[in-house]
Amino acid sequence: MSDSPSFDRLLSGVRKGDVDGAGEIIVRRFASRLVALAAGKISQRLGRRVGAEDVAQSVFQTFFRRMDDGLIELQDWASLWCLLARIAACRICRHAEHNAAARRSQDREDELTPDVQAFDREPRPEEVLIAEDLHGCLVAGMPDKYRAIVLHILDGTTHEEIARELGTSLSTVERVHRRARERLTALLAVEA
């Protein structure tokens, strides 16, 4: 327990799920500090892919989830800030590692930039028919419970938005995306 009864009441409120009251106080108190910390730690290059606000939001999600699980013991405001800062540092490192992976490396972006002229025309009618057919085969070949995820992915919705909207886990959305990509690759191989 801490020296401050108000801090203890606040944490008790968070543990009881009072995110709108107690949780909001924590977010208001630390959001700008977290964004500033993240902005200072994210390289300019990584910053093109990951925003400081995104990191701060992710930190709060992790913090509140760990509080719900009963995995956190804090003494005072300073210990809370230290924990949030540590989570932020871990998040930034994780983003850096993720974006440095060979298949996502920013060094490859210049190599993979498509020739704009190749897309500087309307598709021909037969190309539209092939695309529509592939779309139909892809969606029809997915199990019913995953079709909504695939349709959202094809509409360009982010994984996080899909998981939130459909009430499923992010890992499920990523797994379905991977399977859809594999299925599309197989369909394209048949077309070729």
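Keep in mind the model is a prediction, meaning the values are calculated, not measured.

Colleague: Tell me about the packing of aromatic side chains, and please be specific about residues and values.
Modeller: By the definition in use, this model includes five aromatic pairs. The interplanar angle of 70° and the centroid separation of 5.0 Å between the aromatic rings of Phe 7 and Trp 77 together place this pair among those described as edge-to-face. With Phe 7 in helix H1 (residues 5–15) and Trp 77 in helix H5 (residues 77–100), the pair connects residues that are 70 residues apart, well separated along the chain. With a centroid separation of 6.4 Å and an interplanar angle of 25°, the aromatic rings of Phe 60 and Phe 64 are classed as stacked. Highlighted residues: Phe 60 and Phe 64, both in helix H4 (residues 52–68), separated by four residues, approximately one helical turn. Judged by relative accessible area, which is 8%, Phe 60 ranks as buried. Phe 64 sits in the buried class, given a relative accessible area of 12%. Taken together through their ring pairs, the aromatic side chains of Phe 7, Phe 30, Trp 77 and Trp 81 make up a single cluster.

Colleague: A description of the layout of surface pockets should follow, citing residues and the corresponding values.
Modeller: Size it by volume and the largest pocket reaches roughly 1,400 Å³. Around the largest pocket, the lining comprises 26 residues; the ones closest to its centre are His 95, His 159, Glu 160, Leu 170 and Glu 174. For the lining of the largest pocket, the secondary-structure elements that each account for two or more residues are H4, H5, helix H9 (159–166) and helix H10 (170–191). With six residues, H4 is the largest single contributor of residues to the lining of the largest pocket. Taken together, the residues of the lining of the largest pocket sort by class into three nonpolar, 10 polar and 13 charged. Approximately 150 Å³ is the volume attributed to the second largest pocket. Taken together, Thr 62, Arg 65, Arg 66, Arg 86, Ile 87, Cys 90, Arg 91, Cys 93, Arg 94 and Glu 97 make up the full set of residues lining the second largest pocket. Mapped by element, the contributors of at least two residues to the lining of the second largest pocket are H4 and H5. Class assignment for the residues of the lining of the second largest pocket results in three nonpolar, one polar and six charged.

Colleague: Could you give an account of the packing of H4 against H5, naming the residues involved and the relevant values?
Modeller: Where H4 meets H5, the closest approach of the two axes is 9 Å, and the angle between their N-to-C directions is 120°. By the angle between their axes, H4 is oblique relative to H5. When the axes of H4 and H5 are compared, the crossing they make is right-handed. Contact residues: H4 offers Val 55, Ser 58, Val 59, Phe 60, Thr 62, Phe 63, Arg 65 and Arg 66, while H5 offers Leu 80, Leu 83, Leu 84, Ile 87, Ala 88, Arg 91, Ile 92 and His 95. Its residues assigned to classes, the contact of H4 with H5 comprises 10 nonpolar, three polar and three charged.

Colleague: Would you mind going over the side chain of Thr 62 in detail, with residue names and values included?
Modeller: Within the element layout of this structure, Thr 62 appears in helix H4. Residue class for Thr 62 comes out buried when judged on its relative accessible area of 3%. Leaving out residues up to four positions away in the same chain, Thr 62 has contacts with Ile 87 and Arg 91.

Colleague: Residue-level account of the nonpolar core, with values.
Modeller: By size, the foremost hydrophobic cluster in this structure holds 30 residues, and its most contacted members are Ile 26, Leu 34, Val 55, Phe 63, Leu 74, Leu 80 and Leu 84. Here Leu 34 is in contact with Ala 56, Val 59, Phe 60, Trp 81, Leu 84, Ala 85 and Ala 88, once residues within four sequence places are set aside.

Colleague: Pulling in residues and values, what's your account of a negative patch on the surface?
Modeller: Negative charge collects at one region of the surface, where Glu 53, Asp 54, Glu 160, Glu 161, Glu 165 and Glu 174 lie side by side. Only H4 and H9 provide two or more residues apiece to the negative patch. Among the elements that make up the negative patch, the one with the highest residue count is H9 (three residues). Turning to its location among the elements, Glu 53 is positioned in helix H4. Note on Glu 53: relative accessible area 52%, which makes it exposed.

Calculation notes
Residues numbered from 1 in each chain as written. Predicted model: local features only at pLDDT ≥ 70, side-chain atom pairs only at ≥ 80, totals over all residues. Heavy atoms only, no water. Phe/Tyr/Trp six-rings, centres within 6.5 Å; stacked < 30°, edge-to-face > 60°. Helix = DSSP H or I, 4+ residues; strand = E, 2+ residues; numbered from the N terminus. Buried < 20%, exposed > 50% of the residue type's maximum accessible area, 1.4 Å probe, protein only. 1 Å grid on protein atoms, 1.4 Å probe; cavity = no way out; pocket = protein on both sides within 12 Å on 5 of 7 lines; lining within 4 Å. Points joined across faces, edges and corners; volume = space filled by probe spheres on them. Nonpolar A, V, L, I, M, F, W, Y, C, P; charged D, E, K, R; others polar. Axes fitted to C-alpha atoms, helices over the stretch in contact; angles between N-to-C directions. Parallel < 35°, antiparallel > 145°, perpendicular 65-115°, else oblique. Left-handed = near helix turned anticlockwise from the far one by under 90°. Contact = heavy atoms within 4.5 Å. Core = buried A, V, L, I, M, F, W, Y, C linked by side-chain atoms within 4.5 Å. Patch = residues over 30% accessible without salt bridge, like charges linked within 9 Å, V, L, I, M, F, W, Y side chains within 5 Å. Areas by Shrake-Rupley, 256 points an atom, 1.4 Å probe, with all protein chains shown as cover. Salt bridge = Lys/Arg side-chain N within 4 Å of Asp/Glu carboxyl O. Lys, Arg positive; Asp, Glu negative; His and termini not counted. Charge placed at Lys NZ, Arg CZ, Asp CG, Glu CD.

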